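# Structural overview
Residue-level listing of the chains:
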Amino acid sequence: MKNHDFNPESLMMTYGYKPELSEGAIKCPIFQTSTFVFKTAEEGKAFFELAYGLREKSPKEELGLIYSRINNPNLEILENRLCLWDKADDCAVFESGMSAISTVLLEFLKPGDLLVYSNPVYGGTDHFIHHFLDKIGVHTIGVMPDQHMDEVIQMIEDSGKADQLAMIYLETPANPTNDIVDIEKFSEIAARYSTEERKTLVAVDNTYMGPLWQHPLQCGADLVLYSATKYIGGHSDLIAGAVLGNAELMLRVKTLRTFLGNMVSPHTAWLLLRSLETLKIRMDQQTQNAQIVADFLMNHPKIKNVYYLGLLREGTEAYTIYKKQCSAPGAMVSFDIEGGEKEAFMFLNSLKLMKLAVSLGGTESLAEHPKTMTHAGVDPEQSKRMNITDQLIRLSIGVESAKDLVWDVEQALEKVEIKNELEVEKV
(Lines give C-alpha, C1' and ligand atoms only; values in the text may rest on other atoms or scores of the structure.)
Protein backbone atom coordinates (compact mmCIF):
# COMPACT_ATOMS: atom_id res chain seq x y z
CA MET A 1 0.00 0.00 0.00
CA LYS A 2 1.22 3.51 -0.83
CA ASN A 3 2.18 5.90 1.92
CA HIS A 4 -0.70 8.10 2.99
CA ASP A 5 -0.39 11.82 3.77
CA PHE A 6 -2.60 12.48 6.77
CA ASN A 7 -4.34 15.81 7.21
CA PRO A 8 -3.21 17.99 10.15
CA GLU A 9 -6.49 17.47 12.01
CA SER A 10 -5.82 13.72 12.04
CA LEU A 11 -2.22 14.10 13.19
CA MET A 12 -3.20 16.37 16.11
CA MET A 13 -4.00 13.24 18.17
CA THR A 14 -0.63 11.51 18.02
CA TYR A 15 2.05 13.39 16.06
CA GLY A 16 5.40 13.70 17.82
CA TYR A 17 4.42 11.56 20.82
CA LYS A 18 5.58 8.00 21.56
CA PRO A 19 3.39 6.27 24.18
CA GLU A 20 6.08 3.67 24.85
CA LEU A 21 8.27 6.40 26.35
CA SER A 22 5.52 7.33 28.83
CA GLU A 23 4.33 4.02 30.29
CA GLY A 24 2.00 3.50 27.32
CA ALA A 25 -0.21 6.50 28.22
CA ILE A 26 -2.46 7.26 25.23
CA LYS A 27 -2.18 10.99 25.98
CA CYS A 28 1.03 12.86 26.58
CA PRO A 29 1.52 13.35 30.35
CA ILE A 30 2.40 16.72 31.84
CA PHE A 31 6.17 16.77 32.29
CA GLN A 32 6.07 18.97 35.37
CA THR A 33 9.81 19.15 35.90
CA SER A 34 12.34 21.95 35.88
CA THR A 35 15.40 19.94 34.83
CA PHE A 36 16.38 16.71 33.07
CA VAL A 37 19.06 14.10 33.81
CA PHE A 38 21.93 13.61 31.35
CA LYS A 39 23.18 10.09 30.68
CA THR A 40 26.78 11.31 30.58
CA ALA A 41 28.73 14.55 30.98
CA GLU A 42 29.60 14.33 27.28
CA GLU A 43 25.90 14.28 26.42
CA GLY A 44 25.26 17.33 28.59
CA LYS A 45 28.08 19.19 26.85
CA ALA A 46 26.70 18.34 23.42
CA PHE A 47 23.18 19.46 24.36
CA PHE A 48 24.39 22.84 25.63
CA GLU A 49 26.54 23.42 22.55
CA LEU A 50 23.41 23.20 20.42
CA ALA A 51 21.20 25.15 22.82
CA TYR A 52 23.63 28.06 22.95
CA GLY A 53 24.37 28.01 19.23
CA LEU A 54 28.04 27.15 19.71
CA ARG A 55 27.98 24.75 16.76
CA GLU A 56 25.71 23.46 14.00
CA LYS A 57 23.70 20.28 14.44
CA SER A 58 25.15 17.23 12.76
CA PRO A 59 22.84 15.20 10.45
CA LYS A 60 20.01 13.54 12.39
CA GLU A 61 21.18 15.12 15.67
CA GLU A 62 18.45 16.52 17.89
CA LEU A 63 18.64 18.89 20.84
CA GLY A 64 18.26 16.79 23.96
CA LEU A 65 16.24 17.74 27.03
CA ILE A 66 18.12 20.14 29.31
CA TYR A 67 15.93 22.48 31.35
CA SER A 68 12.29 23.51 30.93
CA ARG A 69 13.25 27.10 30.16
CA ILE A 70 14.99 25.73 27.05
CA ASN A 71 12.90 22.71 26.14
CA ASN A 72 10.36 20.30 27.57
CA PRO A 73 8.52 17.32 26.01
CA ASN A 74 5.14 19.08 26.20
CA LEU A 75 6.60 22.18 24.55
CA GLU A 76 8.39 20.25 21.80
CA ILE A 77 5.40 18.08 20.86
CA LEU A 78 3.16 21.17 20.79
CA GLU A 79 5.56 23.06 18.53
CA ASN A 80 5.90 20.07 16.19
CA ARG A 81 2.13 19.81 15.82
CA LEU A 82 1.62 23.53 15.23
CA CYS A 83 4.14 23.38 12.37
CA LEU A 84 1.82 21.02 10.47
CA TRP A 85 -0.91 23.60 9.92
CA ASP A 86 1.34 26.33 8.50
CA LYS A 87 3.89 23.94 6.92
CA ALA A 88 6.66 25.71 8.84
CA ASP A 89 10.16 24.46 9.59
CA ASP A 90 9.89 25.30 13.26
CA CYS A 91 7.72 26.92 15.91
CA ALA A 92 8.29 28.70 19.20
CA VAL A 93 5.49 28.94 21.77
CA PHE A 94 5.40 31.78 24.30
CA GLU A 95 3.61 32.62 27.54
CA SER A 96 1.40 35.19 25.75
CA GLY A 97 0.66 36.62 22.33
CA MET A 98 2.41 39.85 23.30
CA SER A 99 5.47 37.84 24.35
CA ALA A 100 5.60 36.36 20.86
CA ILE A 101 5.13 39.76 19.19
CA SER A 102 7.60 41.65 21.38
CA THR A 103 10.26 38.93 21.09
CA VAL A 104 10.09 39.00 17.28
CA LEU A 105 10.27 42.79 17.14
CA LEU A 106 13.16 42.88 19.63
CA GLU A 107 15.13 40.20 17.79
CA PHE A 108 14.83 41.61 14.28
CA LEU A 109 14.80 45.37 14.91
CA LYS A 110 17.61 47.55 16.23
CA PRO A 111 18.09 51.31 16.72
CA GLY A 112 18.03 53.13 13.39
CA ASP A 113 15.95 50.45 11.62
CA LEU A 114 12.68 51.20 9.86
CA LEU A 115 9.50 49.24 10.55
CA VAL A 116 6.49 49.49 8.24
CA TYR A 117 3.26 48.23 9.83
CA SER A 118 -0.37 47.95 8.79
CA ASN A 119 -3.24 49.67 10.59
CA PRO A 120 -5.16 48.87 12.62
CA VAL A 121 -3.34 46.38 14.83
CA TYR A 122 -4.20 44.92 18.20
CA GLY A 123 -4.08 47.57 20.93
CA GLY A 124 -1.13 45.98 22.73
CA THR A 125 0.88 45.84 19.51
CA ASP A 126 -0.02 49.44 18.76
CA HIS A 127 1.24 50.48 22.22
CA PHE A 128 4.51 48.54 21.83
CA ILE A 129 5.18 50.14 18.45
CA HIS A 130 4.42 53.70 19.54
CA HIS A 131 5.65 53.71 23.12
CA PHE A 132 8.54 51.23 23.19
CA LEU A 133 10.11 50.95 19.75
CA ASP A 134 10.22 54.73 19.60
CA LYS A 135 12.25 54.78 22.84
CA ILE A 136 14.93 52.49 21.43
CA GLY A 137 15.30 54.46 18.19
CA VAL A 138 13.31 52.32 15.77
CA HIS A 139 11.59 54.41 13.08
CA THR A 140 8.05 53.43 12.14
CA ILE A 141 5.61 54.06 9.31
CA GLY A 142 1.96 53.07 9.65
CA VAL A 143 -0.01 52.33 6.48
CA MET A 144 -3.75 52.06 6.00
CA PRO A 145 -5.59 49.17 4.30
CA ASP A 146 -6.84 51.37 1.45
CA GLN A 147 -3.40 52.67 0.47
CA HIS A 148 -2.01 51.57 -2.88
CA MET A 149 1.35 49.82 -2.96
CA ASP A 150 2.86 52.70 -4.93
CA GLU A 151 1.85 55.04 -2.12
CA VAL A 152 3.44 52.74 0.46
CA ILE A 153 6.67 52.66 -1.53
CA GLN A 154 6.62 56.45 -1.76
CA MET A 155 6.19 56.72 2.02
CA ILE A 156 9.21 54.46 2.50
CA GLU A 157 11.27 56.53 0.07
CA ASP A 158 10.18 59.82 1.64
CA SER A 159 11.20 58.60 5.10
CA GLY A 160 14.86 58.74 4.14
CA LYS A 161 15.24 55.33 5.80
CA ALA A 162 14.54 53.07 2.83
CA ASP A 163 17.95 51.42 3.08
CA GLN A 164 17.19 50.54 6.71
CA LEU A 165 13.81 48.89 6.18
CA ALA A 166 14.17 45.83 8.40
CA MET A 167 10.61 44.54 8.67
CA ILE A 168 7.06 44.87 7.37
CA TYR A 169 4.61 43.87 10.09
CA LEU A 170 1.06 43.06 9.04
CA GLU A 171 -2.09 42.15 10.94
CA THR A 172 -4.64 40.77 8.51
CA PRO A 173 -7.53 40.59 9.01
CA ALA A 174 -7.10 43.51 11.36
CA ASN A 175 -8.37 43.73 14.90
CA PRO A 176 -11.11 45.01 15.30
CA THR A 177 -12.25 46.12 11.82
CA ASN A 178 -11.57 43.01 9.71
CA ASP A 179 -9.62 45.11 7.19
CA ILE A 180 -7.39 42.92 5.05
CA VAL A 181 -4.14 43.61 3.23
CA ASP A 182 -2.37 41.72 0.47
CA ILE A 183 0.45 39.69 2.05
CA GLU A 184 1.95 38.80 -1.33
CA LYS A 185 2.21 42.42 -2.46
CA PHE A 186 3.85 43.52 0.79
CA SER A 187 6.26 40.60 0.40
CA GLU A 188 7.18 42.00 -3.01
CA ILE A 189 7.92 45.38 -1.40
CA ALA A 190 10.11 43.60 1.17
CA ALA A 191 12.02 41.86 -1.63
CA ARG A 192 12.51 45.21 -3.36
CA TYR A 193 14.36 46.60 -0.32
CA SER A 194 16.26 43.43 0.57
CA THR A 195 19.99 43.12 -0.15
CA GLU A 196 22.47 40.27 -0.07
CA GLU A 197 23.61 41.44 3.36
CA ARG A 198 20.17 42.11 4.83
CA LYS A 199 16.76 40.64 4.07
CA THR A 200 13.69 42.74 4.83
CA LEU A 201 11.35 40.41 6.70
CA VAL A 202 7.57 40.16 6.53
CA ALA A 203 5.85 39.15 9.77
CA VAL A 204 2.10 38.52 9.89
CA ASP A 205 -0.14 38.40 12.94
CA ASN A 206 -2.58 35.67 11.89
CA THR A 207 -4.58 35.53 15.13
CA TYR A 208 -7.92 36.41 13.54
CA MET A 209 -7.65 33.52 11.07
CA GLY A 210 -6.00 30.98 13.35
CA PRO A 211 -3.83 28.31 11.70
CA LEU A 212 -6.78 27.08 9.66
CA TRP A 213 -8.24 29.84 7.48
CA GLN A 214 -5.10 31.63 6.26
CA HIS A 215 -1.45 30.57 5.83
CA PRO A 216 0.79 33.66 5.55
CA LEU A 217 3.99 31.66 5.01
CA GLN A 218 2.50 30.33 1.79
CA CYS A 219 1.68 33.91 0.72
CA GLY A 220 5.30 35.08 0.98
CA ALA A 221 5.60 35.97 4.68
CA ASP A 222 8.74 35.03 6.62
CA LEU A 223 7.15 34.74 10.05
CA VAL A 224 3.61 34.08 11.24
CA LEU A 225 2.50 35.02 14.76
CA TYR A 226 -0.47 34.02 16.89
CA SER A 227 -2.04 34.83 20.15
CA ALA A 228 -2.48 31.12 20.92
CA THR A 229 -4.85 32.19 23.69
CA LYS A 230 -7.44 32.55 20.96
CA TYR A 231 -8.47 29.79 18.50
CA ILE A 232 -5.46 27.54 19.19
CA GLY A 233 -6.26 27.46 22.92
CA GLY A 234 -9.92 27.96 22.18
CA HIS A 235 -11.38 27.51 25.67
CA SER A 236 -10.53 30.84 27.36
CA ASP A 237 -8.54 29.02 30.03
CA LEU A 238 -4.93 29.85 29.13
CA ILE A 239 -2.63 32.59 27.86
CA ALA A 240 -0.06 31.78 25.13
CA GLY A 241 1.51 32.95 21.88
CA ALA A 242 3.32 31.31 18.95
CA VAL A 243 5.74 32.19 16.16
CA LEU A 244 6.49 30.05 13.11
CA GLY A 245 8.92 30.33 10.22
CA ASN A 246 11.99 28.84 8.58
CA ALA A 247 14.73 27.14 10.58
CA GLU A 248 17.22 30.02 10.34
CA LEU A 249 14.85 32.68 11.64
CA MET A 250 13.34 30.43 14.28
CA LEU A 251 16.77 29.63 15.70
CA ARG A 252 17.14 33.36 16.43
CA VAL A 253 13.65 33.57 17.91
CA LYS A 254 14.19 30.54 20.13
CA THR A 255 17.61 31.72 21.26
CA LEU A 256 16.20 35.05 22.44
CA ARG A 257 13.28 33.24 24.07
CA THR A 258 15.74 31.15 26.06
CA PHE A 259 17.32 34.23 27.59
CA LEU A 260 14.11 36.23 28.02
CA GLY A 261 12.58 33.17 29.65
CA ASN A 262 9.12 33.73 28.19
CA MET A 263 8.17 30.24 27.05
CA VAL A 264 4.97 28.49 28.17
CA SER A 265 4.86 26.20 31.17
CA PRO A 266 4.48 22.43 30.71
CA HIS A 267 0.89 22.66 31.94
CA THR A 268 -0.06 25.37 29.44
CA ALA A 269 1.62 23.39 26.64
CA TRP A 270 -0.40 20.33 27.69
CA LEU A 271 -3.64 22.35 27.60
CA LEU A 272 -2.78 23.56 24.10
CA LEU A 273 -2.12 19.98 22.96
CA ARG A 274 -5.61 19.11 24.23
CA SER A 275 -7.10 22.03 22.30
CA LEU A 276 -5.41 21.17 19.01
CA GLU A 277 -7.37 17.92 18.85
CA THR A 278 -10.64 19.81 18.33
CA LEU A 279 -9.27 22.89 16.55
CA LYS A 280 -10.78 22.20 13.14
CA ILE A 281 -14.15 21.11 14.50
CA ARG A 282 -14.42 24.25 16.64
CA MET A 283 -13.29 26.68 13.96
CA ASP A 284 -15.54 25.15 11.29
CA GLN A 285 -18.56 25.62 13.55
CA GLN A 286 -17.52 29.13 14.55
CA THR A 287 -17.22 30.42 10.99
CA GLN A 288 -20.58 28.87 10.07
CA ASN A 289 -22.21 30.59 13.04
CA ALA A 290 -20.49 33.90 12.28
CA GLN A 291 -21.86 34.00 8.73
CA ILE A 292 -25.40 33.53 10.04
CA VAL A 293 -25.00 36.27 12.66
CA ALA A 294 -23.42 38.64 10.11
CA ASP A 295 -26.26 38.03 7.63
CA PHE A 296 -28.79 38.87 10.34
CA LEU A 297 -26.99 42.08 11.34
CA MET A 298 -26.67 43.16 7.71
CA ASN A 299 -30.45 43.42 7.38
CA HIS A 300 -31.24 45.00 10.76
CA PRO A 301 -32.48 48.64 10.75
CA LYS A 302 -30.48 49.56 13.87
CA ILE A 303 -27.18 48.47 12.29
CA LYS A 304 -25.32 50.97 10.14
CA ASN A 305 -22.42 48.85 8.80
CA VAL A 306 -21.24 45.26 9.21
CA TYR A 307 -17.57 44.33 8.84
CA TYR A 308 -17.20 40.65 8.01
CA LEU A 309 -15.17 38.97 5.29
CA GLY A 310 -18.13 36.81 4.31
CA LEU A 311 -20.02 39.98 3.30
CA LEU A 312 -17.35 41.46 1.02
CA ARG A 313 -18.75 42.39 -2.38
CA GLU A 314 -17.45 40.51 -5.39
CA GLY A 315 -15.42 42.75 -7.68
CA THR A 316 -13.89 44.82 -4.88
CA GLU A 317 -10.15 44.74 -4.14
CA ALA A 318 -10.80 43.49 -0.61
CA TYR A 319 -12.83 40.56 -1.99
CA THR A 320 -10.04 39.69 -4.42
CA ILE A 321 -7.45 39.66 -1.61
CA TYR A 322 -9.77 37.62 0.62
CA LYS A 323 -10.36 34.94 -2.02
CA LYS A 324 -6.64 34.78 -2.78
CA GLN A 325 -5.32 34.26 0.74
CA CYS A 326 -8.18 33.03 2.95
CA SER A 327 -10.11 29.76 2.93
CA ALA A 328 -12.99 30.98 5.13
CA PRO A 329 -14.35 34.33 6.37
CA GLY A 330 -13.50 33.66 10.02
CA ALA A 331 -15.57 34.09 13.15
CA MET A 332 -15.02 37.75 14.04
CA VAL A 333 -17.90 40.11 13.25
CA SER A 334 -17.73 43.86 13.87
CA PHE A 335 -20.49 46.37 13.23
CA ASP A 336 -21.49 49.99 13.68
CA ILE A 337 -24.68 50.44 15.63
CA GLU A 338 -26.86 53.46 14.93
CA GLY A 339 -26.13 56.12 17.52
CA GLY A 340 -22.93 56.17 19.58
CA GLU A 341 -21.40 54.95 22.84
CA LYS A 342 -24.71 55.11 24.71
CA GLU A 343 -26.43 52.84 22.20
CA ALA A 344 -23.42 50.52 21.96
CA PHE A 345 -23.32 50.11 25.73
CA MET A 346 -27.09 49.59 25.83
CA PHE A 347 -26.70 46.71 23.37
CA LEU A 348 -23.74 45.18 25.22
CA ASN A 349 -25.48 45.43 28.59
CA SER A 350 -28.59 43.71 27.22
CA LEU A 351 -26.90 40.54 25.92
CA LYS A 352 -27.93 37.36 27.73
CA LEU A 353 -26.07 34.49 26.02
CA MET A 354 -23.00 36.32 24.73
CA LYS A 355 -20.62 37.48 27.44
CA LEU A 356 -19.27 41.01 27.74
CA ALA A 357 -15.53 40.35 27.74
CA VAL A 358 -12.41 40.95 25.68
CA SER A 359 -10.37 38.23 23.94
CA LEU A 360 -11.68 36.09 21.10
CA GLY A 361 -11.62 32.68 19.47
CA GLY A 362 -13.02 30.74 22.43
CA THR A 363 -15.92 28.30 22.40
CA GLU A 364 -18.17 30.93 23.97
CA SER A 365 -19.32 34.04 22.10
CA LEU A 366 -17.97 37.34 23.41
CA ALA A 367 -18.82 41.00 22.78
CA GLU A 368 -16.80 44.14 23.49
CA HIS A 369 -16.46 47.85 22.67
CA PRO A 370 -13.02 48.31 21.06
CA LYS A 371 -12.71 52.07 21.43
CA THR A 372 -13.05 52.01 25.22
CA MET A 373 -11.64 48.54 25.83
CA THR A 374 -9.06 46.68 23.68
CA HIS A 375 -8.03 49.81 21.75
CA ALA A 376 -8.46 52.39 24.51
CA GLY A 377 -4.77 53.33 24.30
CA VAL A 378 -4.79 54.11 20.57
CA ASP A 379 -4.40 57.77 19.63
CA PRO A 380 -7.94 59.27 19.26
CA GLU A 381 -7.27 60.79 15.83
CA GLN A 382 -5.76 57.53 14.63
CA SER A 383 -8.74 55.59 16.00
CA LYS A 384 -11.12 57.82 14.07
CA ARG A 385 -9.18 57.31 10.84
CA MET A 386 -9.23 53.54 11.37
CA ASN A 387 -13.00 53.58 12.03
CA ILE A 388 -12.62 52.54 15.66
CA THR A 389 -15.50 54.73 16.78
CA ASP A 390 -18.09 54.95 19.55
CA GLN A 391 -20.47 53.01 17.27
CA LEU A 392 -18.17 50.02 16.72
CA ILE A 393 -18.92 46.73 18.47
CA ARG A 394 -16.84 43.56 18.07
CA LEU A 395 -18.25 40.05 18.37
CA SER A 396 -16.25 36.84 18.67
CA ILE A 397 -18.59 34.07 17.63
CA GLY A 398 -18.43 30.73 19.44
CA VAL A 399 -19.85 27.25 18.95
CA GLU A 400 -23.31 27.78 20.46
CA SER A 401 -26.47 27.24 18.42
CA ALA A 402 -26.60 29.88 15.68
CA LYS A 403 -30.33 30.30 16.33
CA ASP A 404 -29.65 31.15 19.96
CA LEU A 405 -26.95 33.65 19.00
CA VAL A 406 -29.26 35.42 16.56
CA TRP A 407 -32.01 35.48 19.19
CA ASP A 408 -29.62 37.06 21.67
CA VAL A 409 -28.46 39.74 19.25
CA GLU A 410 -32.04 40.47 18.22
CA GLN A 411 -33.38 40.84 21.76
CA ALA A 412 -30.45 43.06 22.74
CA LEU A 413 -31.06 45.31 19.72
CA GLU A 414 -34.74 45.56 20.65
CA LYS A 415 -33.67 47.19 23.92
CA VAL A 416 -31.58 49.83 22.16
CA GLU A 417 -33.51 53.10 21.92
CA ILE A 418 -32.43 55.01 18.83
CA LYS A 419 -35.77 56.26 17.52
CA ASN A 420 -34.87 59.94 17.83
CA GLU A 421 -31.67 59.55 15.85
CA LEU A 422 -33.36 57.56 13.09
CA GLU A 423 -36.27 60.02 12.89
CA VAL A 424 -33.84 62.94 12.52
CA GLU A 425 -32.07 61.15 9.66
CA LYS A 426 -35.39 60.52 7.88
CA VAL A 427 -36.36 64.20 8.20
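Quick note: structure is the one above.
Moving on, we get to the pairing of strand β2 (residues 114-118). In terms of residue burial, β2 counts as a mostly covered element, since 5 of its 5 residues are buried. In β2, alternate side chains face the same way, and those of L114, V116 and S118 on one face and L115 and Y117 on the other are all buried. Here 5 bridges tie β2 to strand β3 (residues 139-143), and the two strands are oriented parallel to one another. When the sheet's bridge partners are listed, S118 is paired in β3 with V143.

Here the focus is the sheet that holds β3. Sheet architecture is open: 7 strands sit in the order β1-β7-β6-β5-β4-β2-β3, paired in mixed fashion. At either end of the open sheet lies a strand with only one pairing partner, and these are β1 (90-94) and β3. For this sheet the average axis-to-axis angle between neighbouring strands, irrespective of direction, equals 20°. Contacting β1, β5 (201-205), β6 (223-226) and β7 (241-245), helix α10 (residues 247-260) crosses the sheet at an angle of about 25° to β1.

Before going further, it helps to spend a moment on the state of the cysteines. The term disulfide refers to a covalent linkage connecting the sulfur atoms of a pair of cysteines. What the rule picks out here adds up to 0 disulfides. Free of any disulfide, C219 has its nearest neighbouring cysteine sulfur in C326, separated by 7.9 Å. For C219, a relative accessible area of 18% gives the class buried. Residue C326 is classed as buried on the basis of its relative accessible area, which comes to 10%.

Let us now look at the side chain of E171. Looking at the element boundaries, E171 is found in strand β4 (residues 165-171). Notably, E171 is buried but unbridged: the nearest opposite-charge side chain belongs to R394, and the N-O separation is 7.6 Å. One polar contact links the side chain of E171 to the main-chain amide nitrogen of N175, over a distance of 2.8 Å. The residues contacting E171, other than those within four sequence positions of it, are S118, P120, V121, Y122, D179 and D205.

Attention now goes to the side chain of E61. As for its position among the elements, E61 is in the loop between α2 (41-51) and α3 (73-86). Relative accessible area serves as the criterion here: at 19%, E61 is assigned to the buried category. Within the local environment of E61, its side chain forms a polar contact with the side chain of R55, the two groups lying 2.9 Å apart. With sequence-adjacent residues up to four places away left out, E61 is seen in contact with L50 and R55.

With that out of the way, let us pick up the pattern of salt bridges. On inspection of all chains with the given rule, the structure shows 15 salt bridges. A salt bridge links K254 to D90, with the shortest nitrogen-to-oxygen separation between them at 3.1 Å. One end of the pair, K254, is in helix α10; the other, D90, is in strand β1, with 164 residues separating them in the sequence. Where K324 meets E184, a salt bridge forms, and the shortest distance between an N and an O atom there is 3.1 Å. Highlighted residues: K324 in helix α13 (residues 317-325) and E184 in helix α7 (residues 183-193), separated in sequence by 140 residues. Classification of K324 as partly exposed rests on a relative accessible area of 44%. Relative accessible area serves as the criterion here: at 38%, E184 is assigned to the partly exposed category. Here the residues in one salt-bridge network are E79, D90, K254 and R257, joined through shared partners.

To continue, consider the nonpolar core. Of all hydrophobic cores here, the largest spans 72 residues; its most connected members are L297, F347 and L395. Leaving out residues up to four positions away in the same chain, F347 has contacts with F335, I337, I393, L395, V409, A412, L413 and V416. Formed by 26 residues, the second largest nonpolar core is a distinct cluster that contains Y117, L201, V243 and L249.

What follows is about α3. Given 3.6 residues per turn, any residue in an α-helix points the same way as the ones three and four places further on. Compared with an ideal rise of 1.5 Å per residue, which puts 14 residues at 20 Å, α3 spans 21 Å between its outermost C-alpha atoms and is within 8% of the ideal. Three or more residues of α3 are buried, namely P73, N74, L75, I77, L78, E79, R81, L82, C83, W85 and D86.

Computed from the structure, the largest pocket encloses a volume of approximately 1,600 Å³. The wall of the largest pocket is formed by 42 residues, among which E62, L63, G64, N71 and E76 lie closest to the centre. Within the residue set of the lining of the largest pocket, elements represented by two or more residues are α2, α3 and α10. In terms of residue count, α3 provides more of the lining of the largest pocket than any other element does, 8 residues in total. Residue composition of the lining of the largest pocket, grouped by class: 20 nonpolar, 8 polar and 14 charged. Approximately 730 Å³ is the volume attributed to the second largest pocket. What lines the second largest pocket is a set of 29 residues, among which D179, I180, L312, T316 and A318 lie closest to the centre. Of the residues contributing to the lining of the second largest pocket, the split by class is 16 nonpolar, 7 polar and 6 charged.

The rules behind each value
- Residues numbered from 1 in each chain as written.
- Predicted model: local features only at pLDDT ≥ 70, side-chain atom pairs only at ≥ 80, totals over all residues.
- Heavy atoms only, no water.
- Buried < 20%, exposed > 50% of the residue type's maximum accessible area, 1.4 Å probe, protein only.
- Helix = DSSP H or I, 4+ residues; strand = E, 2+ residues; numbered from the N terminus.
- Pairing = 2+ DSSP bridges.
- Axes fitted to C-alpha atoms, helices over the stretch in contact; angles between N-to-C directions.
- Contact = heavy atoms within 4.5 Å.
- Disulfide = S-S within 2.5 Å.
- Lys, Arg positive; Asp, Glu negative; His and termini not counted.
- Salt bridge = Lys/Arg side-chain N within 4 Å of Asp/Glu carboxyl O.
- Polar contact = N/O pair within 3.5 Å; in protein donor to acceptor, adjacent residues only side chain to side chain.
- Core = buried A, V, L, I, M, F, W, Y, C linked by side-chain atoms within 4.5 Å.
- Expected span 1.5 Å × (residues − 1).
- 1 Å grid on protein atoms, 1.4 Å probe; cavity = no way out; pocket = protein on both sides within 12 Å on 5 of 7 lines; lining within 4 Å.
- Points joined across faces, edges and corners; volume = space filled by probe spheres on them.
- Nonpolar A, V, L, I, M, F, W, Y, C, P; charged D, E, K, R; others polar.

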